[in-house]
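Take a look at the letters that make up each chain.
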Amino acid sequence: MGYTWQYYDLVLLGVVASMGAGVAVAALTSVAATTSVFAAGLVAVALIGHGLFVNGPVDGADDLTDEVDALN
């Protein structure tokens, strides 16, 4: 059985793709590198924010109150 893509795999791929697109735009057009990479960074931040806060890595709010045994 092959690998199954998960949501967070796609988030990481989106971050890499957006930053790569920012570099490509800077290299292939007259847009300044600082502008294109900054804009791509905003896209990456939006993807990371969605992965953390909209579709977070917990099942529900009650998961956030569980004690972590490793820290005790």
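One structure accompanies this document, and this report is about it.

Each value, and the rule that gives it
- Residues numbered from 1 in each chain as written.
- Predicted model: local features only at pLDDT ≥ 70, side-chain atom pairs only at ≥ 80, totals over all residues.
- Heavy atoms only, no water.
- Helix = DSSP H or I, 4+ residues; strand = E, 2+ residues; numbered from the N terminus.
- Buried < 20%, exposed > 50% of the residue type's maximum accessible area, 1.4 Å probe, protein only.
- Contact = heavy atoms within 4.5 Å.
- Areas by Shrake-Rupley, 256 points an atom, 1.4 Å probe, with all protein chains shown as cover.
- Phe/Tyr/Trp six-rings, centres within 6.5 Å; stacked < 30°, edge-to-face > 60°.
- Polar contact = N/O pair within 3.5 Å; in protein donor to acceptor, adjacent residues only side chain to side chain.
- Axes fitted to C-alpha atoms, helices over the stretch in contact; angles between N-to-C directions.
- Parallel < 35°, antiparallel > 145°, perpendicular 65-115°, else oblique.

**Focus: the overall build of the protein chain**
Counting secondary structure elements, the protein chain contains two helices and zero strands. The proportion of buried residues among the 72 residues of the protein chain is 14%. Sequence-distant contacts, at least 24 apart, represent 48% of the contacts inside the protein chain between residues at least 6 apart. Entry remark: accessible area of the protein chain is about 5,700 Å², with carbon and sulfur atoms responsible for 70%.

**Description of the side chain of Ser18**
Structurally, the position occupied by Ser18 is in helix α1 (residues 7–28). Excluding residues that lie within four positions of it along the chain, Ser18 makes contacts with Ala40, Val43 and Ala44.

**Quick look at the packing of aromatic side chains**
Where two aromatic rings form a pair, the distance of their centres and the angle of their planes describe that pair. Applying the stated rule across the entire model yields two aromatic pairs. Ring geometry for Tyr3 against Trp5: centres 6.2 Å apart, planes inclined by 80°, an arrangement best described as edge-to-face. You'll find Tyr3 and Trp5 in the same group, each marked exposed. Arranged with centres 4.9 Å apart and planes meeting at 80°, the rings of Tyr7 and Tyr8 form a pair that is edge-to-face.

**Describing the side chain of Ser36**
Following the sequence through the fold, Ser36 ends up in helix α2 (residues 33–54). The exposure class assigned to Ser36 is buried, which follows from its relative accessible area of 7%. A distance of 2.9 Å separates a polar side-chain atom of Ser36 from the backbone oxygen of Gly22. Of note is the side chain of Ser36, whose polar atom sits 3.3 Å from the backbone oxygen of Ala33. In contact with Ser36, other than residues within four places in its own chain, are Gly22, Val25, Ala26 and Val31.

**Looking at the packing of α1 against α2**
In the contact formed by α1 and α2, the axes pass within 7 Å of each other and the chain directions differ by 170°. Between α1 and α2, the angle falls in the class roughly antiparallel. Residues Tyr7, Tyr8, Val11, Gly14, Val15, Ser18, Met19, Gly22, Val23, Val25 and Ala26 of α1 form the contact with α2, whose participating residues are Ala33, Ser36, Val37, Ala40, Gly41, Val43, Ala44, Leu47, Ile48, His50 and Gly51.

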